[in-house]
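As a plain string of letters, each chain reads:
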Amino acid sequence: MTDTIDNLVVVRGLTFKFGSRVIFDGIDLDLQRGKVTAIMGPSGTGKTTLLRLIGGQIRPTAGTLYVDGHEVPRLPRGELFELRKRMGMLFQSGALLTDLSVFDNVAFPLREHSGLPEAMVRDLVLMKLEAVGLRGAQRLMPSELSGGMARRVALARAIALDPMMIMYDEPFTGQDPISMGVLVKLIRDLNAVLGLTSIIVSHDVAETSAIADYIYVLSQGKVVGQGTPEALRESDSEWVRQFMQGTPDGPVPFHYPADDYAEELLSNEARR
Amino acid sequence: MNALQQLGHNALVALQRLGRASLFLWALLMGLPSLLLRLPLLIQQVFSVGVLSLVIVVVAGLFVGMVLGLQGYYTLVDFGAEESLGVMVALSLVRELGPVVAALLFAGRAGSALTAEIGLMKATEQLSGMEMMAVDPLKRVIAPRFFAGVLSMPLLAAIFSAVGVMGGYIAGVGLLGVDAGAFWSQMQARVDFYEDIMNGVIKSIAFGIVVTWIAVFEGYDAVPTSEGVSRATTRTVVYASLAVLGLDFVLTALMFGEV
């Protein structure tokens, strides 16, 4: 049915409801192996929720998704944990363990899962830290790191077990131009060098377009556009063009839905 | 009608929470075998939960014992029974004040810290991050803290009682001149190991389980914002203290009552 040879992640008819709110309404996605795929969309479209669904932290209301041929929502806990060892995730905040040093944070998944002798763990940690350029920071505590450094340490930790894929949750948000550049380079290079499959969830159009091979644009629970970055900029859809070019008004209105302006100003009703 | 609806709604929410807390406790107990294979994790937490609570427990125990010595003396001396001061101080401490006051202090010192720590780990996505690294936070983070609390609480209560007896000795014998021989010998003769001391130990074990359970659950169940964590911390201290006092009544009635 679905080809999981070319596509590492296959999503079919995925629906997710949170209470009565529909977050996803039957979306289909194919994420190719070895590529950088971006999921974009305005804030509040549940992009992070999508990553949690792929990671099996929450289950979809309907529809299904496969990661490397495994149907994630149906996996028993033990197998899900095995699968997660092959998935890295970079949280927006970094999610470093605050009571451990940079070194111990990167060593954490190795010590938990690999059973390698400590000397080998040390070499691996130093290699991963070198890859993100923070070998010199190994003794610092997470509280002593800048936001960009914390994200790079988290990235080193995410690749510690040599995963097959990495999910990036808003990797560029709140970064200064230099650390933004560093992260863009790292994501691209790691994908190529380690033969990863990367999923980036973001609303930073320029940076994401620069490194993504393929982009899905989500809005209000639907896939509203997909294609290569170049194709999307020339999209037929007015909405997608507005998003990609960042114009303030268009199909997505500037105003939050409200009653008639003049009427509300002139009404005598006391404000509550 | 609305008030009635609200009442029902609140009751349902509370019951759901109780159910979640029970499942959570069950999951923690299931985490015990894997914890025994990784004792360093437990020892580290015994240090931060138990050893770091020592100062407050020792100081409070000393003063509570001294106050017992003074108040007991003033009452007993009217009947010429000041020689029984040692028994009075010791029984008050091992039966009631040791377990109860130590548990209240433990809830304030260690319980609130546990809730805040776990709640903040949740708010900063550390727990979620662990899950994505295929590490179960219940086993890796929560279970060591829970069992460290359960283990520490009886020891802290015992230390509280021991220091309290010393406090009573200082006040009664040192300051007020009660005969030291009578103080100790009456205590030795009248305090029963099973009836008094073991019952006190059982109480402190029960309090340890309840206080730590409340503390780790409130942290794990906290709304992951700064406001949510602060509320959870407050709830830990309030619920744990009330639970200790209520449970103490029930246990006392069962252990020492004639019914």
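Once a new chain begins, its residue numbering starts again from 1 and follows that chain's sequence as written. All chains are assigned letters beginning at A, and all ligands numbers beginning at 1, according to the order in which they are written. In keeping with the predicted nature of the model, local features appear solely for residues at pLDDT of at least 70, side-chain atom pairs appear and are counted solely at 80 or more, and the whole-chain, interface and lining totals rest on all residues. Note: side-chain values were computed over all heavy atoms of the structure, leaving out hydrogens and water.

1. Section: the nonpolar core
In step 1: Throughout, nonpolar core names a set of buried Ala, Val, Leu, Ile, Met, Phe, Trp, Tyr and Cys residues whose side chains join them through atoms within 4.5 Å. The cut-offs for exposure are 20% and 50% of the maximum accessible area for each residue type, with area from a 1.4 Å probe on protein chains only; residues under the lower value are buried, those over the upper are exposed, and the others partly exposed. Within the largest apolar cluster, 64 residues are counted, with the highest numbers of intra-cluster contacts made by B:Leu28, B:Ile142 and B:Val216.
In step 2: Membership of the second largest hydrophobic core comes to 36 residues, among which are A:Ala107, A:Leu145, A:Ile159 and A:Ile211.

2. Overview of helix 5 (residues 147-158) of chain A
All names here are of chain A.
In step 1: Over its twelve residues, helix 5 runs 16 Å from end to end, which matches the ideal 16 Å to within 8%, given 1.5 Å per residue.
In step 2: For helix 5, the tally of buried residues reaches ten of twelve residues, placing the bulk of the element in the interior.
In step 3: Among the residues of helix 5, Gly148, Ala150, Arg151, Arg152, Val153, Ala154, Leu155, Ala156, Arg157 and Ala158 are the ones counted as buried.
In step 4: Two residues form a contact once any of their heavy atoms are found within 4.5 Å. What counts as a helix is a DSSP run of H or I of at least four residues, what counts as a strand is a run of E of at least two, and both are numbered from the N terminus. On its buried face, helix 5 sits against strand 6 (87-90), helix 3 (102-113), helix 4 (118-131), strand 7 (165-169) and helix 6 (177-194). The span one expects for a helix is its residue count, reduced by one, times 1.5 Å.

3. A word on unusual backbone geometry
In step 1: For A:Asp162, which is not glycine, the phi dihedral falls at a positive 50°.
In step 2: Secondary-structure assignment places A:Asp162 in the loop between helix 5 and strand 7.

4. Focus on the packing of helix 3 of chain A against helix 4 of chain A
Residues and elements named next belong to chain A.
In step 1: Axis definition: a line fitted to C-alpha atoms, limited for helices to the stretch in contact. Angles are taken between N-to-C directions and run from 0 to 180 degrees. Look at helix 3 against helix 4: their axes get within 9 Å of each other, and the N-to-C directions meet at 120°. With respect to helix 4, the element helix 3 is oriented oblique. As for the relative orientation of helix 3 and helix 4, their crossing is right-handed in sense. Contact residues: helix 3 offers Val102, Phe103, Val106, Ala107, Leu110 and Arg111, while helix 4 offers Glu118, Val121, Arg122, Leu124, Val125, Leu126, Lys128 and Leu129.
In step 2: For the contact of helix 3 with helix 4, the per-class residue count stands at ten nonpolar, no polar and four charged. Each angle gets one of four labels, with under 35 degrees taken as roughly parallel, over 145 as roughly antiparallel, 65 to 115 as roughly perpendicular, and the rest as oblique. Each crossing is labelled by how the near helix is turned from the far one, with a counterclockwise turn of less than a right angle marking it left-handed and a clockwise turn marking it right-handed. By the convention adopted, Pro, Cys, Tyr, Trp, Phe, Met, Ile, Leu, Val and Ala count as nonpolar, Lys, Arg, Asp and Glu as charged, and the other residues, Gly among them, as polar.

5. Some points on the sheet that holds strand 1 (residues 7-18) of chain A
All names here are of chain A.
In step 1: Taken together, the four strands give an open sheet; going across it, the order is 2-1-4-5, and neighbouring strands pair in antiparallel fashion. At either end of the open sheet lies a strand with only one pairing partner, and these are strand 2 (21-32) and strand 5 (70-71).
In step 2: Bridge analysis of strand 4 (residues 62-67) against strand 5 gives two bridges, and the strand direction is antiparallel. Bridged to valine 67 within strand 5 is histidine 70. For two strands to count as paired, DSSP must find a minimum of two bridges between them.

6. Re the layout of surface pockets
In step 1: Roughly 880 Å³ of internal volume is contained in the largest pocket.
In step 2: In this analysis, the protein atoms alone were mapped onto a 1 Å grid. Cavities are point sets where a 1.4 Å probe fits without being able to get out; pockets are open sets with protein on both sides within 12 Å along at least five of seven lines; lining residues have an atom within 4 Å of a point. Around the largest pocket, the lining is made up of 27 residues, and of these A:Gln57, B:Lys122, B:Ser128, B:Glu131 and B:Tyr220 lie nearest the centre.
In step 3: Only helix 2 (77-84) of chain A together with helix 1 (2-30), helix 5 (85-123), helix 6 (126-132), helix 7 (137-175) and helix 9 (193-220) of chain B provide two or more residues apiece to the lining of the largest pocket.
In step 4: Looking at the lining of the largest pocket residue by residue, the class counts come to 14 nonpolar, three polar and ten charged. Grid points are joined across faces, edges and corners, and a volume is the space filled by probe spheres set on the points.

7. Focus on the interface of chain B and chain A
In step 1: Listed per partner, the contact involves 15 residues of chain B and 22 residues of chain A.
In step 2: Buried surface at the junction of chain B and chain A, both sides included, amounts to about 1700 Å², of which 54% is carbon and sulfur.
In step 3: For this document, the term salt bridge refers to a Lys or Arg side-chain nitrogen within 4 Å of an Asp or Glu carboxyl oxygen. At the surface where chain B touches chain A, the tally comes to four salt bridges.
In step 4: Linking B:Arg38 and A:Glu112 is a salt bridge whose minimum nitrogen-to-oxygen distance equals 3.1 Å.
In step 5: Any pair of nitrogen or oxygen atoms within 3.5 Å is treated as a polar contact; in protein, a donor-acceptor pairing is required on top of that, and neighbouring residues in sequence qualify only through side-chain atoms on both sides. Here chain B and chain A share twelve residue pairs in polar contact (both at pLDDT 80 or more) between them.
In step 6: No other element matches the six residues that helix 6 of chain B contributes to the side of chain B that touches chain A.
In step 7: Class assignment of the residues belonging to the side of chain B that touches chain A gives a composition of six nonpolar, four polar and five charged. By buried area we mean how much accessible surface two parts lose on assembly, using a 1.4 Å probe and totalling the loss over both.

8. Observations regarding a nonpolar patch on the surface
Residues and elements named next belong to chain B.
In step 1: Here the term patch refers to residues with relative accessible area over 30% and no salt bridge, with like charges joined within 9 Å and nonpolar side chains (Val, Leu, Ile, Met, Phe, Trp, Tyr) within 5 Å. Accessible surface is estimated by sampling points in the Shrake-Rupley manner with a 1.4 Å probe; for residues, cover comes only from the protein chains shown. Taken together, the side chains of Phe193, Tyr194, Ile197, Met198, Val201, Ile205 and Ile209 make up a nonpolar region of the molecular surface, amounting to roughly 590 Å² of accessible area.
In step 2: Tracing the sequence through the fold places tyrosine 194 in helix 9.
In step 3: Residue class for tyrosine 194 comes out exposed when judged on its relative accessible area of 63%.

9. Section: helix 4 (residues 54-77) of chain B
In step 1: When the terminal C-alpha atoms of helix 4 of chain B are compared, their 34 Å separation across 24 residues agrees well with the 34 Å that a helix rising 1.5 Å per residue should span.
In step 2: In this structure, the buried side of helix 4 of chain B is in contact with helix 5 and helix 7 of chain B.

10. Regarding the packing of aromatic side chains
In step 1: Stacked, edge-to-face and tilted labels apply to pairs of Phe, Tyr and Trp rings (six-membered ring for Trp) whose centres lie within 6.5 Å, assigned for plane angles under 30 degrees, over 60, and everything in between, in that order. For the coordinates displayed, the defined rule picks out ten aromatic pairs over all chains.
In step 2: Summarising the aromatic geometry, the rings of A:Tyr214 and A:Tyr216 are spaced 5.3 Å apart at their centres and angled 65° between planes, so their arrangement reads as edge-to-face.
In step 3: The class of A:Tyr216 is buried, set by a relative accessible area of 3%.
In step 4: A ring pair is formed by B:Phe146 and B:Phe147, whose centres lie 5.1 Å apart and whose planes are at 75°; its orientation type is edge-to-face. By the burial criterion, B:Phe146 is buried, and B:Phe147 matches it.
In step 5: Ring-pair connections join several aromatic residues into one group, and the members of that group are B:Phe24, B:Phe217 and B:Tyr220.

11. Brief notes about the pairing of strand 2 of chain A
Residue and element names in this part refer to chain A.
In step 1: The pairing of strand 1 with strand 2 spans nine bridges and is antiparallel. Paired with phenylalanine 18 across the two strands is arginine 21, which belongs to strand 2.
In step 2: Connecting the antiparallel pair strand 1 and strand 2 is a turn made up of two residues, with glycine 19 showing a positive phi of about 65°.

12. A look at empty space enclosed by the protein
In step 1: By the definition in use, this model includes two cavities of 30 Å³ or more.
In step 2: Approximately 140 Å³ is the volume attributed to the largest cavity.
In step 3: Elements that contribute at least two residues to the lining of the largest cavity include exactly strand 6 and helix 5 of chain A together with helix 6 of chain B.
In step 4: Here the element with the most residues in the lining of the largest cavity is strand 6 of chain A; it accounts for three residues.
In step 5: By volume, the second largest cavity amounts to about 40 Å³.
In step 6: If you trace the second largest cavity, you find it lined by A:Gly56, A:Ile58, A:Arg59, A:Val72, A:Pro73, A:Leu75 and A:Leu80.
In step 7: Looking at the lining of the second largest cavity, its residues break down into five nonpolar, one polar and one charged.

13. Here we look at the side chain of A:Gln138
All names here are of chain A.
In step 1: Here glutamine 138 is to be found in the loop between helix 4 and helix 5.
In step 2: A distance of 3.3 Å separates the side chain of glutamine 138 from the backbone oxygen of arginine 135, its partner in a polar contact.
In step 3: For glutamine 138, the contacting residues outside a window of four places in its chain are Ser101, Val102, Phe103, Leu126 and Leu129.

14. Regarding the packing of helix 3 of chain A against helix 5 of chain A
For any two helices packed against each other, the geometry comes down to the angle between their axes and how far apart the axes lie.
Residue and element names in this part refer to chain A.
In step 1: Contact geometry for helix 3 and helix 5: axes closest at 8 Å, N-to-C directions at 30°. Overall, the two elements helix 3 and helix 5 adopt an arrangement that is roughly parallel. In the crossing of helix 3 with helix 5, the sense of the turn from one axis to the other is right-handed. Contact with helix 3, carried on its side by Val102, Asn105, Val106 and Pro109, involves Val153, Ala156 and Arg157 of helix 5 and no other residues of that element.

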